[in-house]
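The chain contents come next:
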Amino acid sequence: MRVALFVTCVNDALYPRTGQAVVTLLERLGVRVDFPEAQSCCGQPQFNTGYRHATEPLVHRYAAAFEGYDHIVVPSGSCAAMVRENYPRIGAKAAAEGRGGVLSAVAERMVPRTYELTEFLVDVLGVTDVGAYYPHTVTYHPTCHGLRMLGLGERPRMLLEQVKGLELRELEGAEECCGFGGTFAVKNAAVSSAMGADKARHIEESGAESVCTVDNSCLMHIGGTLSRAGSRVRPVHLAEILASTEESPL
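Since the model is a prediction, treat every value here as computed from it, not as a measurement. (Residues numbered from 1 in each chain as written. Predicted model: local features only at pLDDT ≥ 70, side-chain atom pairs only at ≥ 80, totals over all residues. Heavy atoms only, no water.)

1. Focus: the side chain of Asn11
For clarity, the threshold we go by: Here a helix means four or more residues in a row that DSSP labels H or I, a strand means two or more in a row labelled E, and each is numbered from the N terminus. We call a residue buried when its accessible area falls under 20% of the maximum for its residue type, exposed when it is over 50%, and partly exposed in between, using a 1.4 Å probe and counting protein chains only. Polar contact criterion, stated in full: a pair of N or O atoms within 3.5 Å, where within protein one must be able to donate a hydrogen and the other to accept it, and residues adjacent in sequence count only if both atoms are side-chain atoms. For this analysis, residues touch if any pair of their heavy atoms sits within 4.5 Å.
Structurally, the position occupied by Asn11 is in helix α1 (residues 9-14). For Asn11, a relative accessible area of 1% corresponds to the buried category. Within the local environment of Asn11, its side chain forms a polar contact with the side chain of Asn216, the two groups lying 2.7 Å apart. Setting aside residues no more than four positions away along its own chain, Asn11 makes contact with Pro16, Thr18, Pro75 and Asn216.

2. Considerations on the UniProt feature "domain: Cysteine-rich" (unreviewed entry) in the chain
Cut-off, in case you're wondering: UniProt positions are given in the numbering used here, feature names are shortened, and annotations may be inferred rather than shown by experiment.
Per the UniProt entry, the sites bearing "domain: Cysteine-rich" (unreviewed entry) are residues 3-83 and 138-222 in this numbering. With 57% helix and 11% strand, residues 3-83 has its two end C-alpha atoms placed 17 Å apart. The distance from the first to the last C-alpha atom of residues 138-222 is 14 Å, and the span holds 49% helix and 12% strand.

3. Some words on the packing of aromatic side chains
How we decide: Each Phe, Tyr or Trp ring (for Trp, its six-membered ring) is paired with any other whose centre lies within 6.5 Å, and the angle between the two planes then decides the class: stacked below 30 degrees, edge-to-face above 60, tilted in between.
Counting across every chain of the model gives five aromatic pairs. With a centroid separation of 4.9 Å and 50° between ring planes, the pair formed by Tyr62 and Phe66 is classed as tilted. Linking Tyr62 with Phe66, this pair stays in helix α4 (residues 52-66), spanning four residues, or about one helical turn. You can call Tyr62 buried: its relative accessible area is 3%. Classification of Phe66 as buried rests on a relative accessible area of 0%. Between Tyr62 and Tyr87 the ring centres are 5.6 Å apart and the planes differ by 85°, which places this aromatic pair in the edge-to-face class. Here Tyr62 is found in helix α4, whereas its partner Tyr87 is found in helix α5 (residues 77-96), with 25 residues between them in sequence. In this structure Tyr87 comes out as buried when scored by relative accessible area, which is 0%.

As structure tokens, then:
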């Protein structure tokens, strides 16, 4: 099995520990992980802002970087959803414009190989107990892309429930958006902030020490909102919790 890590822009620039945690976790489970250095942005910011044609070179770059790998593991529901849901749309639009089927063919090759981290663990490796140890109370926020586009369902919770020492607290309004939404937070700052404040309030009410998600972009928004409110709740990516052990605690 040849597995590659697609670390994503946000993790590479702001949360490198998440990528490191994925490698630590997968290697502990016996998976050899490669990091193709040719990888770049998946194109989500461009595509979501309406620059579809500007996204197309990044689709080709993604394929070139990860060609030959059986599985591509992404610690981001948002970026995994971009590949899985929007690459086929980009290919179909290009074909409809009379520009051939090259992009559609790229999507057909890459979409089935691309997995969000919890999907890879549960569906491909068939594990829910990864030998993790995290002696804290945690509440889980299911991010919009993971919940609505990828359909991650109970996979993240299944993994968290098997972590030794972890107590999972329920989150009121868990399925409500945190308000980040990428460029939405910039274009609609007041609405985004209000949504973030609601999410932060529910997190505080859960009594958890940490809030966990599968997307650091959402976690950045939630964490910033909590910090400005003076909260002591710690934002942490699921990969970092799963990589933590008694021998090497987070």
